[in-house]
Amino acid sequence: MTAVTEPSLDVALAATYKKSISEHYKDLALKLQVALNTQDLSLVDGLIHDDFFDVTGPPGMFPDGPEGVRQHILWLNRRFKDAKWEVQQAVAEGTTVVLRVRFTGVETEEGQPAPVGTRFTYAQAHFFEGRDGLLVQHIGVRSEQDISQ
């Protein structure tokens, strides 16, 4: 019979380190959702890397980095009355975080695919990448099949 041995100290430390890094980046992504919901722009400080880039953001509409995130938060909350992002699931591995989110809001801008006053409810997935202890990239995906009026 082969004896079961304890994992080496290095393996245990590596597992702890990986978990703490994953949890750190997940916490940052969740705090960013709080900033979206509350419009508390001070929460962006300490979350967003100076090199932050939103891959799926409106091209050229916002600068990169924390200031672009602040502007994007304000714009989204102007564009959609009663905008809310409800995190339904958060998964992190290493420096990557994925949030499954339910978005609700009411369209306020003319010239959009849906008329002003249309209530939106749809699923979103947000992929974040971390670097140097901060969020450095975002990719968002949404399902507009759930839009209701």
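Rules and cut-offs
- Position numbers for residues count from 1 along each chain, tracking the sequence in the order it is written.
- Whole-chain, interface and lining totals are the exception, using all residues; otherwise, since this is a predicted model, local features are given only for residues with pLDDT of at least 70 and side-chain atom pairs are given and counted only at 80 or more.
- Just so you know, side-chain values use all the structure's heavy atoms and leave hydrogens and water out.
- For each structure, a 1 Å grid was placed over the protein atoms alone; sets of points admitting a 1.4 Å probe that cannot get out are labelled cavities, open sets with protein on both sides within 12 Å along at least five of seven lines are labelled pockets, and lining residues have an atom within 4 Å of a point.
- Grid points are joined across faces, edges and corners, and a volume is the space filled by probe spheres set on the points.
- Labels follow the DSSP assignment, with helices taken as runs of H or I lasting at least four residues and strands as runs of E lasting at least two, numbered in each case from the N terminus.
- A side-chain nitrogen of Lys or Arg and a carboxyl oxygen of Asp or Glu constitute a salt bridge if their distance falls within 4 Å.
- When a residue's accessible area, from a 1.4 Å probe over protein chains only, is under 20% of the maximum for its type it is buried; when over 50% it is exposed; and in between it is partly exposed.
- The rule is short: rings of Phe, Tyr and Trp, with Trp giving its six-membered ring, pair when the centres are within 6.5 Å, and they are stacked under 30 degrees, edge-to-face over 60, tilted in between.
- Contacts between residues were defined by any pair of non-hydrogen atoms, one from each residue, lying within 4.5 Å.
- Only strands that DSSP links by at least two bridges are regarded as paired with each other.
- To get an axis, fit a line to the C-alpha atoms, keeping to the stretch in contact for a helix; angles then go from 0 to 180 degrees between the N-to-C directions.

Naming follows an unreviewed UniProt entry, where the protein appears as Ester cyclase of Lentzea rhizosphaerae.

Novice: Whenever I open this one, the layout of surface pockets confuses me. Can you help?
Specialist: Once rolled over the atoms, a probe with the size of a water molecule shows which space is left empty. Its volume calculated, the largest pocket comes out at about 710 Å³. If you go around the largest pocket, you meet 34 residues; those closest to its centre are Asp54, Gly57, Pro58, His72 and His138. Looking at the lining of the largest pocket, the elements that each hand over two or more residues are helix 1 (9-38), strand 1 (48-54), helix 2 (65-79), strand 2 (80-93), strand 4 (119-131) and strand 5 (134-143). The leading source of residues in the lining of the largest pocket is helix 2, at 8 residues.

Novice: I would appreciate a short explanation of the pattern of salt bridges in the present structure.
Specialist: Proximity of charged atoms lets side chains of opposite charge pair with each other. Under the criterion given, the structure shown has 7 salt bridges. In this structure, Asp51 and Arg131 form a salt bridge, with 2.7 Å as the shortest nitrogen-oxygen distance. Of the two residues, Asp51 sits in strand 1 while Arg131 sits in strand 4, which places them 80 residues apart along the sequence. Given the relative accessible area of 37%, Arg131 is considered partly exposed. Put simply, Arg79 and Glu107 hold a salt bridge, and the shortest N to O gap is 2.9 Å. Of this pair, Arg79 sits in helix 2 while Glu107 sits in strand 3 (residues 96-107); the two residues are 28 residues apart in sequence, bridging distant segments of the chain.

Novice: I keep staring at the packing of aromatic side chains and nothing clicks. Help me out?
Specialist: Geometrically, a pair of aromatic rings is defined through the distance of the ring centres and the angle of the planes. Under the definition given, this model contains 6 aromatic pairs. Ring plane angle 75° and centroid distance 5.2 Å describe the contact between Phe80 and Phe103, whose orientation is recorded as edge-to-face. Taken together, the positions of Phe80 in strand 2 and Phe103 in strand 3 put the pair 23 residues apart, joining distant regions of the chain. No difference in accessibility class separates Phe80 from Phe103, as the two residues are buried. Ring geometry for Phe120 against Tyr122: centres 5.9 Å apart, planes inclined by 80°, an arrangement best described as edge-to-face. You can call Phe120 buried: its relative accessible area is 6%. Ring-pair connections join several aromatic residues into one group, and the members of that group are Phe80, Trp85, Phe103, Phe120 and Tyr122.

Novice: Any chance you could explain the side chain of Asn77 here in plain terms?
Specialist: Position of Asn77 relative to the elements: it lies in helix 2. The contact partners of Asn77, leaving out residues within four places of it in the chain, are Leu36, Gln39, Ala83 and Trp85.

Novice: Just checking my understanding: could you explain the sheet that holds strand 2 for this structure?
Specialist: Working definition: the strands of a sheet are paired by backbone hydrogen bonds and lie parallel or antiparallel to each other. Taken together, the 5 strands give an open sheet; going across it, the order is 1-5-4-3-2, and neighbouring strands pair in mixed fashion. In this open sheet, the two strands that pair with only one neighbour each are strand 1 and strand 2. The average angle at which neighbouring strand axes cross in this sheet is 25°, direction not considered. One ladder, built from 3 bridges, connects strand 1 with strand 5; its direction is parallel. When the bridges of strand 5 are listed, Phe53 appears paired with Gln137. Here helix 2 sits on the sheet and contacts strand 1, strand 2 and strand 3; the angle it forms with strand 1, its principal contact strand, is near 55°.

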